[in-house]
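Residue strings, one per chain:
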Amino acid sequence: LRIVHDRLAALRDLEIGVLTRPQSSLADFYRELGESFGVELRPHNRWQGAKVLRERWQTFIDTALFHPVLIIDEAQNLSSGVLEQLRLLTNLETHKHKLLRIILVGQPELADLLARHDLRQLAQRITARFWLKPLDRVETRAYVQHRLKLAGGSQHLFTPSSLHYLKYVTGGIPRLINMVCERALMGGYAYDKSRVGVGMVRRAANETLPGRRARRWTRIAVP
């Protein structure tokens, strides 16, 4: 998400808005949309509907000196009502360009959501789709080492065999890699390990991954 944001922000005449925790209510969605671009879109009273807020957005953007791009993270959690508003927002345009471009970022469930019959009109407006495929063994090792480098730690906290097992147990899915690595590092800290081995990754996976036997980290303090 940050890579997409930074690359778009480098382009001229673009203003980037990001929603990281999409709201299900229309009022909250428009409030966050407005805050992302510095415009007041709060309803003045509870009787104001989405139509008024959408018209207020169009009034604002008609005179804006930039082209807004809205990035919505965890888009698979959006309600049907908000998704319908996104479709209507994509209809707003001048004779030259759209008044809002939208990038949806989400988990695989997002594809299932957009495949619904009642959302077909929104799905038809999607001009490009990109899928992040599972990482292979080399990419998994590079990904973990990169994240460790960004965190200011040693890039060799995980043993080669533990990274091999990490790829196996997570299937190379970055979100699952993050979950297991975080818990494995916590376990390594709790047991005062200098490196994370296969056993630590296995225990972390058992606790964090769906469908695996849960085991809790324990540490007996000896006075």
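Everything below is about the structure shown above.
In this report, we go over the structure that sits alongside the text. (Residues numbered from 1 in each chain as written. Predicted model: local features only at pLDDT ≥ 70, side-chain atom pairs only at ≥ 80, totals over all residues. Heavy atoms only, no water.)

Concerning unusual backbone geometry
Argument step 1. The phi dihedral of Glu-74 is positive, around 50°, even though this residue is not glycine.
Argument step 2. In this structure, Glu-74 sits in the loop between strand S2 (67-72) and helix H4 (80-91).
Argument step 3. If you check the backbone angles, Asp-192 has positive phi at about 55° while not being a glycine.
Argument step 4. Of note, Asp-192 is situated in the loop between helix H9 (174-190) and helix H10 (198-208). (Helix = DSSP H or I, 4+ residues; strand = E, 2+ residues; numbered from the N terminus.)

Here we look at the layout of surface pockets
Argument step 1. Roughly 250 Å³ of internal volume is contained in the second largest pocket.
Argument step 2. In terms of lining, the second largest pocket is formed by 13 residues, of which the most central are Arg-147, Leu-148, Cys-181, Glu-182 and Leu-185.
Argument step 3. If you list the elements that add at least two residues to the lining of the second largest pocket, you get helix H7 (137-150) and H9.
Argument step 4. Looking at the lining of the second largest pocket element by element, the count peaks at 5 residues for H9. (1 Å grid on protein atoms, 1.4 Å probe; cavity = no way out; pocket = protein on both sides within 12 Å on 5 of 7 lines; lining within 4 Å. Points joined across faces, edges and corners; volume = space filled by probe spheres on them.)

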